[in-house]
Amino acid sequence: MPSPNNMSNATEGRWPDDVGIIATEIYFPSQYVDQEQLEIFDGIPAGKYTIGLGQSKMGFCTDCEDINSLCLTAVQNLMDRNQITYDSIGRLEVGTETIIDKSKSVKTVLMQLFGDSGNTSVEGIDTTNACYGGTAALFNAAAWVESSAWDGRYALVVAGDIAVYATGNARPTGGAGAIAMLVGPNAPLVLERGLRHTHMEHVYDFYKPDMASEYPRVDGKLSIQCYLGALDKCYQGYCVKAEAQMQKEGDSSHYTMDRFDAMCFHSPFCKLVQKSLARLMLNDFMRDPKPDTNDGGRYAGLRGYKDLKLEETFMDREVEKAFMNCSKEMFAAKTKPSTLVANQVGNMYTPSLYGGLVSFLASCNLAELPGKRIGLFSYGSGLAASLFSLQVKGDTAPGSPLWKLRSSLDDLKFRLDSRRCVEPSVFAETMKLREDTHHLAKYTPVGSIADLFPGTWYLTYVDEMHRRKYSSKPSSNLPSPRVDKVPVSSLINS
Ligand code: ACO
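Residues numbered from 1 in each chain as written. Predicted model: local features only at pLDDT ≥ 70, side-chain atom pairs only at ≥ 80, totals over all residues. Heavy atoms only, no water.

Participant: Let's hear about the overall build of the protein: which residues, and what values?
Facilitator: Along the protein, the regular secondary structure elements total 15 helices and 16 strands. In terms of overall dimensions, the protein is globule-like: its C-alpha atoms have a radius of gyration of 22 Å, near the 23 Å expected for 494 residues. Its C-alpha atoms put the protein at 65 × 65 × 40 Å along the principal axes. Counting every position in the protein, which comprises 494 residues, the buried fraction comes to 59%. Within the protein, contacts between residues separated by at least 24 positions form 74% of all contacts whose residues are at least 6 apart in sequence. Counting only carbon and sulfur atoms, one obtains 51% of the accessible surface of the protein, whose full area is about 20,200 Å². One way to put it: in the protein the 51 positive side-chain charges average out to a point 1 Å from where the 58 negative ones average out. (Helix = DSSP H or I, 4+ residues; strand = E, 2+ residues; numbered from the N terminus. Rg over C-alpha atoms; globule rule 2.2 N^0.38 Å. Buried < 20%, exposed > 50% of the residue type's maximum accessible area, 1.4 Å probe, protein only. Contact = heavy atoms within 4.5 Å. Areas by Shrake-Rupley, 256 points an atom, 1.4 Å probe, with all protein chains shown as cover. Lys, Arg positive; Asp, Glu negative; His and termini not counted. Charge placed at Lys NZ, Arg CZ, Asp CG, Glu CD.)

Pasting the structure below:
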């Protein structure tokens, strides 16, 4: 394991450069239910889930996967595909709201992966607040790398959840998955310093007070209003900070969405993402002292909306429609590419935003990535929200960090398409099985192991003391685009 002492010269007296995301790995279940079929099964008018909510498929887990197994799979795949050694990790943060133990963290379960390396010196535990935990974990990891406590090793962030709802109108907005991210300096996805704004409030829009159930209590309409309200506050705060930076560089113009090449959102369902982009355009319109509402102008036809009060527009369908219409092109260019995983897997809760990020990256050719600025909006009910940004840096030569990051996503679409479609009745039975067996001890899961993707970890047994045992399927040849092992020393500033 690298000795912290060996690293101290390199980090003394200054922050490491370009701290951010070096590599990512996404895991989603190998099976899904089709939303069109679910509409028929649920006796819902055709189009409500698919057009109204904007969802095509919903990934779900049988009883042989739980939050620990999802995170084990994501971490192991990240480490294997990037040929990172476990002794090069100094911090591991988990963001999740899928709680199966009120004391023992998922992080400690993940330590079994570190067994052979002998590395037990790994800081970090779990962070929880609805869908925001992954972002808190990412911020914690980056803060560690930028702190006096950093010893030169990588940080790992894992965001994972199983999003399931009781039968009813929220059920089609479920999903499941996990994302692991390697964090360190000289990253191809750099967290922009000083450019993030957070908004937190006390509200009961979505929460999980019933420890015996996986299902949340949800006030759906309130949760949407809270999401959009938090988006307003975060964007306004972000703009103030961005404008202060711009002024230092002699630019006194207003910050607008033009400055983001892409905008990714936490995605409870894709239609809300489209409404959110429209909401940012509404914010730009309200902040613009002289919005061009003439024919052919950016805000053509919107003159009548200038005297609106933002906080009175959350449920105003006319305003929503007008700005969705006006932001159509911007949505297609900056946000739609980021909705692939959300549309195909559903709301994964904490990984949802990062599923958006990998979807966007996968949609771009490598050559067009350098220099792009990506805005990210993270929302967790209850509520905690942040808007922050990443800049894509580095060259695109084979073997470069950016090349490795982008190549690892080459098979994203293939992996989504290779999942198994199951009947809605099977999905409903599986949800019932999860309900009936949640927290059972002793318990041997009955879900099919054969149907899991190669390399997937799964739950084999819960003993009478509620201790969980796991095993993993042999990994087949997951494409490994990386060419060589990343030496820790290459991360350190010289
Ligand atoms: N064809 C096309 N569209 C239709 C049809 C149809 N046949 N029927 C309805 N729709 C549209 C509606 O007009 C509506 O669209 P609009 O809002 O753009 O007008 C959309 O489908 C949804 O219909 P609603 O009646 O609003 O849906 P409902 O109230 O039954 O449920 C909700 C939606 C509240 C989002 C529910 O699924 C839920 O509670 N989900 C969980 C909470 C959630 O995800 N909150 C978001 C932030 S918090 C978080 O991330 C967990």
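Participant: Please provide a residue-by-residue account of the pairing of strand 16 (residues 468-472), values included.
Facilitator: One ladder, built from 5 bridges, connects strand 15 (residues 457-462) with strand 16; its direction is antiparallel. Bridging across to strand 16, Leu 459 finds its partner in Tyr 470. In this antiparallel pair of consecutive strands, strand 15 and strand 16, the connection spans 5 residues, and His 466 shows a positive phi of 65 degrees. (Pairing = 2+ DSSP bridges.)

Participant: I'd like a rundown of the state of the cysteines, residues and numbers included.
Facilitator: As enumerated under the stated definition, the model contains 0 disulfides in all. Free cysteine Cys 61: the closest other cysteine sulfur is in Cys 64, separated by 8.1 Å. Judged by relative accessible area, which is 2%, Cys 61 ranks as buried. Not engaged in a disulfide, the cysteine Cys 270 finds its nearest cysteine sulfur in Cys 264; these two sulfurs lie 12 Å apart. (Disulfide = S-S within 2.5 Å.)

Participant: Break down the sheet that holds strand 13 (residues 384-392) for me, with residues and values.
Facilitator: Strand order in the open sheet formed by 9 strands is 5-4-6-7-1-8-13-12-11, with mixed pairing between adjacent strands. Since the sheet does not close on itself, it has two edges, and those belong to strand 5 (126-127) and strand 11 (262-265), each with one partner. In this sheet, strand 5 lies alongside strand 4 (residues 89-95) in parallel orientation, the contact comprising 2 bridges. Opposite Val 94, over in strand 5, you have Asp 126 as the bridge partner. Across the sheet, helix 6 (residues 133-145) touches strand 1 (20-27), strand 4, strand 5, strand 6 (154-163), strand 7 (175-184), strand 8 (189-200), strand 12 (373-380) and strand 13, and the angle it forms with strand 4 is around 160 degrees. On the sheet, helix 12 (residues 352-363) packs against strand 1, strand 7, strand 8, strand 11, strand 12 and strand 13 and is oriented at approximately 160 degrees with respect to strand 12. (Axes fitted to C-alpha atoms, helices over the stretch in contact; angles between N-to-C directions.)

Participant: Would you mind going over the sheet that holds strand 3 (residues 57-59) in detail, with residue names and values included?
Facilitator: Spatially, 3-2-14 is the arrangement adopted by the 3 strands of the open sheet, whose pairing is mixed. The open sheet terminates on both sides in strands that have one partner only, identified here as strand 3 and strand 14 (420-422). Neighbouring strand axes in the sheet, compared pairwise and without regard to direction, differ in orientation by 40 degrees on average. Note: strand 2 (residues 31-34) against strand 14, 3 bridges, orientation parallel. Each bridged residue has a counterpart across the sheet, and for Tyr 32 the counterpart in strand 14 is Cys 421. This element, helix 2 (residues 35-42), spans strand 2, strand 3 and strand 14 of the sheet and lies at about 60 degrees to strand 2.

Participant: Go over the nonpolar core, please, and point to the residues and values.
Facilitator: Counting 141 residues, the largest nonpolar core has Phe 323 and Phe 377 as the members making the most contacts within it. The element that contributes the greatest number of residues to this core is helix 7 (residues 220-248), accounting for 11 residues. In contact with Phe 377, not counting residues within four places along its chain, are Tyr 227, Ala 230, Leu 231, Cys 234, Met 263, Cys 264, Phe 265, His 266, Leu 353, Ala 385, Ser 386 and Leu 387. The next biggest cluster of nonpolar side chains, apart from the first, holds 7 residues, and it includes Cys 131, Ala 163, Tyr 165 and Ala 170. (Core = buried A, V, L, I, M, F, W, Y, C linked by side-chain atoms within 4.5 Å.)

Participant: Which residues make up helix 15 (residues 424-437), and what values go with them?
Facilitator: In this model helix 15 runs 20 Å from its N-terminal to its C-terminal C-alpha over 14 residues, within 8% of the 20 Å that 1.5 Å per residue would give. Against strand 2, helix 2, strand 3, strand 6 and strand 14 lie the buried residues of helix 15. One or two positions beyond helix 15, positive phi appears at His 439, with a value near 70 degrees. (Expected span 1.5 Å × (residues − 1).)

Participant: An account of helix 9 (residues 317-326) is requested, with residue identities and associated values reported.
Facilitator: Every α-helical turn comprises 3.6 residues, leaving residues that sit three or four positions apart pointing alike. Here helix 9 has its buried residues at Val 319, Glu 320, Ala 322, Phe 323 and Met 324. Contact partners of the buried residues in helix 9: helix 8 (270-287) and helix 10 (328-335). Taking the backbone nitrogen of Glu 318 as reference, a side-chain oxygen 3.1 Å away marks Asp 316 as the first, capping residue of helix 9. (Polar contact = N/O pair within 3.5 Å; in protein donor to acceptor, adjacent residues only side chain to side chain.)

Participant: Now, about the packing of aromatic side chains: what can you tell me, with residues and values included?
Facilitator: Evaluation of the coordinates by the stated rule reveals 16 aromatic pairs. Arranged with centres 6.4 Å apart and planes meeting at 80 degrees, the rings of Phe 28 and Phe 453 form a pair that is edge-to-face. Of this pair, Phe 28 sits in the loop between strand 1 and strand 2 while Phe 453 sits in the loop between helix 15 and strand 15; the two residues are 425 residues apart in sequence, bridging distant segments of the chain. Considered together, Phe 28 and Phe 453 belong to a single accessibility category, that of buried residues. Every member of this aromatic cluster is reached through a ring pair, and the members are Phe 285, Tyr 299, Tyr 305 and Phe 323. Geometry around Phe 139 places Arg 196 over its ring, the cationic atom sitting 3.6 Å from the centre. Lying over the aromatic face of Phe 285, Lys 306 brings its terminal NZ or CZ to 5.2 Å of the ring centre. (Phe/Tyr/Trp six-rings, centres within 6.5 Å; stacked < 30°, edge-to-face > 60°. Lys NZ or Arg CZ within 6 Å of the ring centre and 35° of its normal.)

Participant: Outline the side chain of Asn 347, supporting the account with residue identities and numerical values.
Facilitator: Residue position: Asn 347 is located in the loop between helix 11 (340-345) and helix 12. For Asn 347, a relative accessible area of 3% translates into the label buried. With residues up to four places along the chain from it excluded, the contact list for Asn 347 reads Ala 163, Tyr 165, Thr 173, Gly 174, Gly 175, Ala 176, His 266, Ser 267, Pro 268 and Ser 352.

Participant: Account for the pattern of salt bridges, naming residues and giving values.
Facilitator: Taken as a whole, this structure holds 25 salt bridges when the rule is applied. Arg 91 is the salt-bridge partner of Glu 93, the closest N and O atoms lying 2.7 Å from each other. For Arg 91, a relative accessible area of 16% translates into the label buried. Lys 413 is the partner of Asp 417 in a salt bridge, and the nearest nitrogen-oxygen pair spans 3.1 Å. Of this pair, Asp 417 and Lys 413 both sit in helix 14 (residues 412-417), 4 residues apart, roughly one helical turn. By relative accessible area, Lys 413 is classed as partly exposed at 46%. Each of Glu 25, Arg 81, Asp 411 and Arg 415 takes part in salt bridges that share partners, so that together they form one network. (Salt bridge = Lys/Arg side-chain N within 4 Å of Asp/Glu carboxyl O.)

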